[in-house]
Amino acid sequence: MAGYLGKRLMISVVTLLFILLILFLLLQFMPGSPFNDEKLSVEQVAVLKQKYGLDKPVIVQFFRYLGNMVRGDLGVSYSLSPNTPITDLLKNRFPVTIKMGFASMMAGTLFGLILGFLTAFFGNRILTFIYNLLTLLGIAVPSYLFAMGFSYVLGYKLKLFPLLYDFRAAGITQVMPVAAMSLGVMAVIARFAKAEASEVMKSDYVQFAKCQGLNNSTIILKYILKNSLMPVITVMAGLLVGLLTGSLVIEEMFSVPGVGSLLTNAISANDYSVVIALSFIYSLLYVVVMLILDLLYCLIDPRVRLGGKPE
Amino acid sequence: MSAANVYVPVKEDFVPAPAEYTENAVQEAAGGVRHEMLKRFFAYKTSVTGMVILIVLILLGLIGPHISGHAYDQQNLSMANLAPRVPGLASLGIFDGTETVPKTDGAVRRNRYEELGVTDTYYIFGTDNLGRDMFARCFMGLRISLIIALAATAINLVIGMNYGIISGYFGGMTDILMQRIIDVIGSIPTLVVVTLLMLVLKPGMGSIIFALMLSGWIEMSLISRSEVLKVKELEYVQAARTMGAGHMHIIFKDIVPNIVGKLVTQIMLSIPAAVFLEAFLSFVGLGMPAGTCSLGTLLSDGFSNAMLHPYKLLPAAIIMILLMVGCHMVAEGLKKATE
């Protein structure tokens with residue numbers, strides 16, 4: 001366990017260092033410099049460069065940059081809101097995005113489990129058809145297309161939900177974006193839950209429980225659900241990535257003031273420092289979540305700990 | 001047992017089987033399996049439906065931009081924002097170019113074809129705000145998106161397959177080193193890679209393909225590696241090795257044909273992923289430059305107009321859904337057939 005943990009931690013740290021190196025290099029290659037003002041004389045530019053440490057060798061600059069990023073100093077915005085520290089820009093936006101992502105994950109997982117388990121247990125024709133249709137659409141159709149459909153039909157035509165996000169009524173205004181994002185999650189979870197449950201239902205211990213004359217509800221609740229629920233965690237890593245990408249477009253569509261819309265705005269305003277800082281945040285989030293899920297997986301399925309060697 | 005009793009084989013003991021016999025037997029056995037796979041694939045309703053959808057879409061992508069009588073980039077400002085009008089159906093009162101336009105004092109129904117006096121003109125999908133034919137644009141967009149997706153997938157396949165095969169086949173230190181590299185590169189979110197690259201590169205088809213390539217090959221390589229690991233210990237590969245076959249022969253003649261099924265499935269899944277990412281780039285303003293069109297630019301332009309003129313969004317959205325669903329249906333059929 002400790003060895004596996006160490007290896008995974010090492011990989012995560014190396015990955016983050018690698019990402020920081022790429023981001024730093026990108027900053028070096030971006031056109032223009034912070035002191036592109038013609039009014040500045042050569043001496044003044046030299047003084048400014050000395051002040052900000054830009055006269056030091058590139059290696060030294062990289063380690064300073066690294067130190068700042070690790071300490072949580074992401075730099076300042078150039079053009080979106082000049083000279084505002086990026087951490088200040090993020091402070092209010094972060095909770096919004098996290099809440100929406102969390103809600104989508106929860107809603108998708110819940111409905112996915114219900115759909116998958118119901119189909120596995122009582123797989124009659126109608127249910128199987130609904131399951132096939134919903135999982136195919138959920139997996140194939142991108143969340144932004146669902147969002148478009150919802151906002152036109154539910155929001156604009158039927159006027160059931162507000163079209164744009166409003167922080168005073170965050171609950172109801174989030175229904176459509178969360179629904180659009182959770183459909184994909186639901187489809188993947190449903191498929192996984194159904195496959196797991198069907199597998200467990202065929203297993204010897206469930207057959208044995210049946211032979212002992214236990215009634216169906218006991219078998220389902222005590223044996224099948226319990227044993228097929230845990231592995232579902234393992235598919236969540238991939239889903240999270242989808243949510244990150246999806247939330248970018250969806251936040252823009254519903255004017256949700258989250259991290260995603262900040263990134264889209266920064267891209268269109270050419271605010272490189274914000275784009276790069278956000279890229280780092282996204283990578284950090286992703287790497288940390290992958291690490292946690294890997295460790296959870298390893299706790300659930302002890303075979304992983306043996307270094308992937310099948311017996 | 002003393003060494004003297006051990007029979008030492010001489011060269012003459014080994015008589016190679018007649019070449020045509022072994023070749024034929026192998027071919028037939030392999031052909032049988034492949035035939036069986038194809039039969040299973042075509043017996044499955046979902047995969048056949050998916051195939052039909054994809055073939056129709058590809059044909060439409062080829063001929064669609066040329067059959068409406070209007071070029072996809074031909075502007076005609078006097079004909080801007082027309083609703084769909086379909087020959088034949090127009091006389092029945094549906095799809096005759098009438099649309100309901102919301103105004104501050106309630107909705108108004110109007111037919112701009114009649115207002116302009118061009119009732120003999122038909123735009124099947126309507127026109128956009130520059131008077132360009134949406135029918136030609138939608139299928140041109142489909143064509144561009146398909147080209148981007150196919151090119152990116154083809155490059156991913158070449159890089160990923162070779163990387164995975166080398167890593168899995170040679171094993172040992174090579175494998176460990178190559179997999180650690182994958183661990184690091186694979187931990188960078190695709191979204192970040194693609195966004196950053198598009199900031200640095202000039203917008204256009206080549207850059208989009210390049211950006212998609214950098215992120216897409218990893219999945220392909222993981223799949224080919226795990227398949228190679230399974231196949232390389234099988235008897236027939238061992239037999240080939242014993243018979244003195246070289247690495248290249250074993251890899252391309254014995255291993256690759258047996259992992260094709262899994263790879264094709266992965267191809268069918270990476271095409272929609274590429275289309276998805278291309279559209280995503282258009283949404284965040286890093287997609288195809290103005291003037292050209294792709295499903296992504298059509299969707300993002302259409303969405304900004306959707307409340308006023310929903311017909312600008314609908315055809316592109318339906319095409320995209322069909323493309324995605326079609327690919328996934330085929331992939332599902334392949335998965336079932338190769339199991």
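Enquirer: Looking at this model, I keep getting lost on the overall build of chain B. Mind explaining?
Expert: Each helix and strand counted, chain B has 11 helices and two strands in total. Written out in order from the N terminus, the α and β elements of chain B read α-α-β-β-α-α-α-α-α-α-α-α-α. Taken over C-alpha atoms, the radius of gyration comes to 27 Å for chain B, far larger than the 20 Å a tight globule of 339 residues would show. Burial analysis of chain B (339 residues in total) assigns 47% to the buried set. For chain B, long-range pairs separated by at least 24 residues make up 73% of all intrachain contacts whose partners lie at least 6 apart in sequence. Summing over all exposed atoms, chain B offers an accessible surface of approximately 17000 Å²; the carbon and sulfur share of this is 67%. Side-chain charges of chain B comprise 24 positive and 26 negative groups, with the mean position of each set lying 3 Å from the other.

Enquirer: In this structure, what is going on with the domain arrangement of chain B? I would like to understand it.
Expert: How big an interface is tends to be reported as the loss of accessible area on association of its parts. Residues and elements named next belong to chain B. When its domains are assigned, chain B resolves into domain 1 (20-65 + 134-337) and domain 2 (83-116). With centres defined by C-alpha atoms, the gap from domain 1 to domain 2 works out at 41 Å. On the domain 2 side, the residues contacting the four residues of domain 1 number five residues. Summed over both partners, the interface of domain 1 with domain 2 buries about 340 Å², with 65% contributed by carbon and sulfur atoms. When the area that domain 1 buries against domain 2 is broken down by residue, the three leading residues are L308, H309 and Y311, summing to 93%. At the junction of domain 1 with domain 2, the criterion picks out zero residue pairs in polar contact (both at pLDDT 80 or more). Residues belonging to the side of domain 1 that touches domain 2 are distributed by class as follows: three nonpolar, one polar and no charged.

Enquirer: I'm lost on a nonpolar patch on the surface in this one. Help?
Expert: A grouping of I126, F129, I130, L133, L134 and L137 of chain A is seen on the molecular surface, where their side chains present a nonpolar patch of about 550 Å² in accessible area. Its place among the elements puts L137 of chain A in helix α5 (residues 125-140).

Enquirer: Help me understand the environment of L77 of chain B in this model?
Expert: Residues and elements named next belong to chain B. Its location among the elements puts L77 in the loop between α2 (45-67) and β1 (98-103). Judged by its relative accessible area of 61%, L77 falls in the exposed class. Not counting the four nearest positions on each side in its chain, L77 is found in contact with N129 and L130.

Enquirer: Got a minute to help me understand the nonpolar core in this structure?
Expert: For soluble globular proteins, the rule of thumb is that nonpolar side chains tend to be buried together. One finds Y144 and M253 of chain A together with F280, L299 and M320 of chain B to be the most contacted residues of the largest nonpolar core, which totals 138 residues. Counting residues per element, this core draws most heavily on helix α11 (residues 314-338) of chain B, at 13 residues. For M320 of chain B, the contacting residues outside a window of four places in its chain are P142, Y144 and L145 of chain A together with V275, F276, A279, L295 and L299 of chain B. One finds M161, A240, I251 and I259 of chain B within the second-largest nonpolar core, a separate group that totals 14 residues.

Enquirer: Could you clarify how one ought to interpret the interface of chain B and chain A in this entry?
Expert: With 35 residues of chain B in contact, the opposing surface of chain A contributes 38 residues. Seen at the junction of chain B and chain A, the total is one salt bridge. When the shortest N-O distance is used, the salt bridge between E332 of chain B and R191 of chain A registers 2.7 Å. Counting across the interface, chain B meets chain A through two residue pairs in polar contact (both at pLDDT 80 or more). Looking at the side of chain B that touches chain A element by element, the count peaks at eight residues for α11 of chain B. Here the residues of the side of chain B that touches chain A sort into 28 nonpolar, four polar and three charged.

Enquirer: I keep staring at the packing of aromatic side chains and nothing clicks. Help me out?
Expert: Here the distance between the centres and the angle between the planes together describe a pair of aromatic rings. Residue and element names in this part refer to chain A. Applying the stated criterion across every chain, the model contains eight aromatic pairs over all chains. Each ring, one from F121 and one from F122, has its centre 6.3 Å from the other, and the planes form 75 degrees; the classification is edge-to-face. Since its relative accessible area comes to 19%, F121 is described here as buried. Here F146 and F150 contribute two aromatic rings whose centre-to-centre distance is 6.4 Å and whose plane-to-plane angle is 25 degrees, an arrangement assigned as stacked. You can see F146 and its partner F150 sitting in helix α6 (residues 143-157), four residues apart, about one turn around the helix.

Enquirer: Explain the environment of L60 of chain B to me, please; I cannot follow it from the model alone.
Expert: All names here are of chain B. Relative to the elements of secondary structure, L60 occurs in helix α2. Given the relative accessible area of 24%, L60 is considered partly exposed. Here the alpha-carbon distance between L60 and F139, two residues 79 residues apart in the chain, equals 6.5 Å. Setting aside residues no more than four positions away along its own chain, L60 makes contact with P65 and F139.

Enquirer: For this particular structure, what's the right way to read the packing of helix α9 (residues 247-283) of chain B against α11 of chain B?
Expert: For any two helices packed against each other, the geometry comes down to the angle between their axes and how far apart the axes lie. All names here are of chain B. Direction vectors running N to C along α9 and α11 enclose 160 degrees, while the axes themselves pass 8 Å from each other. Considered as vectors, α9 and α11 are oriented roughly antiparallel to each other. Here the hand of the crossing between α9 and α11 comes out left-handed. On α11, the residues that touch G261, V264, T265, M268, L269, I271, P272, V275, F276 and A279 of α9 are M320, L323, M324, C327, H328, V330, A331, L334, K335 and T338. When its residues are assigned to classes, the contact of α9 with α11 shows 15 nonpolar, four polar and one charged.

Enquirer: What should I look at first to understand unusual backbone geometry in this one?
Expert: All names here are of chain A. The backbone of S255 shows a phi angle near 50 degrees, a positive value even though the residue is not glycine. Mapping S255 onto the fold places it in the loop between α11 (236-253) and α12 (259-268). Classification of S255 as partly exposed rests on a relative accessible area of 40%.

Procedures and definitions
Residues numbered from 1 in each chain as written. Chains lettered and ligands numbered in written order. Predicted model: local features only at pLDDT ≥ 70, side-chain atom pairs only at ≥ 80, totals over all residues. Heavy atoms only, no water. Helix = DSSP H or I, 4+ residues; strand = E, 2+ residues; numbered from the N terminus. Rg over C-alpha atoms; globule rule 2.2 N^0.38 Å. Buried < 20%, exposed > 50% of the residue type's maximum accessible area, 1.4 Å probe, protein only. Contact = heavy atoms within 4.5 Å. Areas by Shrake-Rupley, 256 points an atom, 1.4 Å probe, with all protein chains shown as cover. Lys, Arg positive; Asp, Glu negative; His and termini not counted. Charge placed at Lys NZ, Arg CZ, Asp CG, Glu CD. Domains from an automatic or database assignment. Buried area = accessible area lost by both parts, 1.4 Å probe. Polar contact = N/O pair within 3.5 Å; in protein donor to acceptor, adjacent residues only side chain to side chain. Nonpolar A, V, L, I, M, F, W, Y, C, P; charged D, E, K, R; others polar. Patch = residues over 30% accessible without salt bridge, like charges linked within 9 Å, V, L, I, M, F, W, Y side chains within 5 Å. Salt bridge = Lys/Arg side-chain N within 4 Å of Asp/Glu carboxyl O. Core = buried A, V, L, I, M, F, W, Y, C linked by side-chain atoms within 4.5 Å. Phe/Tyr/Trp six-rings, centres within 6.5 Å; stacked < 30°, edge-to-face > 60°. Axes fitted to C-alpha atoms, helices over the stretch in contact; angles between N-to-C directions. Parallel < 35°, antiparallel > 145°, perpendicular 65-115°, else oblique. Left-handed = near helix turned anticlockwise from the far one by under 90°.

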